[in-house]
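Survey of secondary and tertiary structure
Each chain is listed here by its residues.
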Amino acid sequence: VQLQASGGGSVQAGGSLRLSCAASGGSFNRYVMAWFRQSPSKEREFVAAIPQNGGNTYLADSVKGRFTISRDNARTTLYLQMNSLKPEDTAVYFCAVTAGIIQSSYRDPGQYRYWGQGTLVTVSS
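About the thresholds
- Every residue gets a number counted from 1 within its own chain, in the order that chain's sequence is written.
- Under the rules for a predicted model, residues below a pLDDT of 70 receive no local features and side-chain atom pairs below 80 are neither given nor counted, while totals for whole chains, interfaces and linings still include all residues.
- To obtain the side-chain values, all non-hydrogen atoms of the structure were included, while hydrogens and water were left out.
- Only runs of H or I of at least four residues qualify as helices and only runs of E of at least two qualify as strands under DSSP, and these elements are numbered from the N terminus.
- For every residue, the accessible area obtained with a 1.4 Å probe (protein chains only) is divided by the maximum for its type, and the residue is called buried under 20%, exposed over 50%, and partly exposed between those limits.
- A contact between two residues is defined here by any heavy atoms of the two lying within 4.5 Å.
- Within 6.5 Å between ring centres, the rings of Phe, Tyr and Trp (the latter by its six-membered ring) count as paired, and their orientation is classed by plane angle as stacked under 30 degrees, edge-to-face over 60, tilted in between.

A look at the side chain of Ser20
The topology assignment puts Ser20 in strand E3 (residues 17-24). Assessed through its relative accessible area of 17%, Ser20 is described here as buried. Excluding residues that lie within four positions of it along the chain, Ser20 makes contacts with Gln4, Ala5, Ser6, Trp35, Thr77, Leu78 and Tyr79.

A short note on the packing of aromatic side chains
Tallied over the entire structure, the rule returns seven aromatic pairs. With a centroid separation of 5.2 Å and 80° between ring planes, the pair formed by Tyr58 and Tyr106 is classed as edge-to-face. A residue pair is termed long-range when its members are at least 10 positions apart, and Tyr58 in strand E6 (residues 58-59) and Tyr106 in the loop between strand E9 (91-98) and strand E10 (114-115) qualify at 48 residues. You can call Tyr106 buried: its relative accessible area is 7%.

Written out as structure tokens, the structure reads:
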């Protein structure tokens, strides 16, 4: 599976960005998909996840009410709509996919088998 993340950039606080992650080479409909982020000197942290059928979504407390995760199985693409961005959202954002994990594992980066290359989001105050 190959994942290509895009959509990062520089915005001012309060602005919006939409990240995309195009997947190829696998059975997209089988995968749980997620976004993680990592800033300098910090561990990779969970942002959001969405199951195979795009039903319930799961968000980190720090982004609830501001970020939305979605997927388009026909286009084999994952999205992250980020609104009301804050300087603390500055990080490299990674998309990740895996199959066969349960809901309680969605937030664990070690459970994901395939990763995109990351896209940088910079939010200035």
